Amino acid sequence: MQTNVGSVDRVVRVVGGVALIALAATGTVGAWGYIGIVPILTAAIGWCPAYLPFGINTCKTKN
């Protein structure tokens, strides 16, 4: 599994994921807000399966 998520992409994913989870926890959005765990996990492992069909790679270094 090759890394395809770069540094800036990871930060955006973590911030967005935490924001979604916080909104869900406060009741601002429904329970679907807990889907914010997905971008956090993809940022943690550095690989996004949704990027594969489109050939997207935001990681500057090649593995």
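Residues numbered from 1 in each chain as written. Predicted model: local features only at pLDDT ≥ 70, side-chain atom pairs only at ≥ 80, totals over all residues. Heavy atoms only, no water.

1. Considering the overall build of the protein chain
Assigned secondary structure in the protein chain consists of two helices and zero strands. A principal-axis box enclosing the C-alpha atoms of the protein chain has dimensions of 40 × 20 × 15 Å. For the protein chain, with 63 residues in total, the buried portion stands at 27%. For the protein chain, the proportion of contacts with a sequence separation of at least 24, taken over those separated by at least 6, is 62%. Surface summary for the protein chain: the accessible area is close to 4200 Å², and the carbon and sulfur share equals 72%. (Helix = DSSP H or I, 4+ residues; strand = E, 2+ residues; numbered from the N terminus. Buried < 20%, exposed > 50% of the residue type's maximum accessible area, 1.4 Å probe, protein only. Contact = heavy atoms within 4.5 Å. Areas by Shrake-Rupley, 256 points an atom, 1.4 Å probe, with all protein chains shown as cover.)

2. Description of the side chain of R13
Within the secondary structure, R13 sits in helix α1 (residues 7–25). In contact with R13, other than residues within four places in its own chain, are V5, P39, I40, T42, A43, C48 and Y51.

3. Details of a nonpolar patch on the surface
Nonpolar side chains collect at one region of the surface, where W32, I35, I37, V38 and L41 lie side by side and expose about 500 Å² of accessible area between them. Position of I35 relative to the elements: it lies in the loop between α1 and α2 (37–45). (Patch = residues over 30% accessible without salt bridge, like charges linked within 9 Å, V, L, I, M, F, W, Y side chains within 5 Å. Salt bridge = Lys/Arg side-chain N within 4 Å of Asp/Glu carboxyl O.)

4. Quick look at the packing of α1 against α2
Interhelical geometry of α1 versus α2 gives an angle of 155° and a closest axis separation of 7 Å. Of the possible angle classes, the one that applies to α1 and α2 is roughly antiparallel. Our pair here, α1 against α2, has a crossing hand that is left-handed. Of the residues in α2, those touching α1 at R10, R13, V14, G17, V18 and I21 are I37, P39, I40, T42, A43 and I45. Class assignment for the residues of the contact of α1 with α2 results in eight nonpolar, two polar and two charged. (Axes fitted to C-alpha atoms, helices over the stretch in contact; angles between N-to-C directions. Parallel < 35°, antiparallel > 145°, perpendicular 65-115°, else oblique. Left-handed = near helix turned anticlockwise from the far one by under 90°. Nonpolar A, V, L, I, M, F, W, Y, C, P; charged D, E, K, R; others polar.)

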